[in-house]
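Tertiary structure, described
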Amino acid sequence: MTAAGDGPWLDDAAGRLVRPFTVSNGRTEPSVALDLMSQVMATGVTPLGYLGPEHAQALDLCRAPVSVAEVAAQLKLPAVVTKVLLSDLVDCGALTTKPPAFHHTPTDRSLLEAVLDGLRRQL
């Protein structure tokens with residue numbers, strides 16, 4: 001088992017010892033609109049006050065631009081909890097966010113059909 005300040009609070013046999021929504025104080029709505037593909041990056045500003053170990057881990061992961069989905073995967077937290085943590089960091093100026101750039105319409109029917117065809121070939 002890791003110490004309280006080291007990594008996520010996990011036990012090899014039991015899994016996560018702290019419920020994910022405890023990390024976000026039960027909040028499920030981020031204060032900043034974040035998409036799973038949104039890019040977040042540390043600004044170099046040190047957050048004032050105590051935010052928690054998961055906030056520090058998220059900030060460490062964001063030294064280079066990274067997607068919200070990747071941060072959630074690395075933290076082993078649900079996306080909605082990760083979005084709340086990241087929005088806390090954006091609110092205090094420690095992170096900056098950039099919406100995903102689409103060079104096409106993400107709901108373009110031909111694109112979706114091509115993806116579906118590719119998936120069918122893989123199965």
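An account of the accompanying structure is given in this report.

Thresholds applied
- Residues numbered from 1 in each chain as written.
- Predicted model: local features only at pLDDT ≥ 70, side-chain atom pairs only at ≥ 80, totals over all residues.
- Heavy atoms only, no water.
- Patch = residues over 30% accessible without salt bridge, like charges linked within 9 Å, V, L, I, M, F, W, Y side chains within 5 Å.
- Areas by Shrake-Rupley, 256 points an atom, 1.4 Å probe, with all protein chains shown as cover.
- Salt bridge = Lys/Arg side-chain N within 4 Å of Asp/Glu carboxyl O.
- Helix = DSSP H or I, 4+ residues; strand = E, 2+ residues; numbered from the N terminus.
- Buried < 20%, exposed > 50% of the residue type's maximum accessible area, 1.4 Å probe, protein only.
- Contact = heavy atoms within 4.5 Å.
- Core = buried A, V, L, I, M, F, W, Y, C linked by side-chain atoms within 4.5 Å.
- Pairing = 2+ DSSP bridges.

**A short note on a nonpolar patch on the surface**
Taken together, Leu111, Val115 and Leu119 make up a surface patch of nonpolar side chains, about 240 Å² in accessible area. The residue Val115 is located in helix H5 (residues 109–122) in this model. By relative accessible area, Val115 is classed as partly exposed at 44%.

**With respect to the environment of Gln39**
Examined against the element boundaries, Gln39 turns out to sit in strand S3 (residues 39–42). For the pair formed by Gln39 and Ala69, sequence separation is 30 residues and the distance between their alpha carbons is 9.2 Å. Other than its neighbours up to four places away in sequence, Gln39 contacts Pro65, Val66, Ser67, Thr96, Thr97 and Lys98.

**A short note on the nonpolar core**
Membership of the largest hydrophobic core comes to 18 residues, with the highest contact counts inside it found for Val40, Cys62, Val71, Leu86 and Leu95. Mapped onto this core, the elements with two or more residues apiece are helix H2 (53–61), helix H3 (68–75) and helix H4 (79–91). Sort the elements by how many residues they give to this core and H4 lands first, with 5 residues. Those residues in contact with Val71, other than ones at most four positions away along the chain, are Val40, Ala58, Leu61, Cys62, Val66, Thr82 and Leu86.

**Observations concerning the sheet that holds S3**
Read from one edge to the other, the open sheet built from 3 strands follows the order S4-S3-S5, with strand pairing classed as antiparallel. The open sheet is flanked by strand S4 (66–67) and strand S5 (95–98), the only strands paired with a single partner. Alignment of S3 against S4, held across 2 bridges, turns out to be antiparallel. Note that in S4 the partner of Val40 across the bridge is Val66.

**Describing unusual backbone geometry**
Phi angles above zero are rare outside glycine, and Lys76 is one such case at about 60°. Here Lys76 lies in the loop between H3 and H4.

**Overview of the pattern of salt bridges**
Applying the stated rule across the entire model yields 2 salt bridges. Asp60 is the salt-bridge partner of Arg63, the closest N and O atoms lying 3.2 Å from each other. Accessibility expressed as a relative area gives 42% for Asp60, which makes it partly exposed.

**Things to note about the side chain of Ser38**
Relative to the assigned elements, Ser38 resides in the loop between helix H1 (20–23) and S3. Discounting residues that sit within four places of it in the chain, Ser38 has contacts with Val66, Ser67, Val68, Thr97, Lys98, Pro99 and Pro100.

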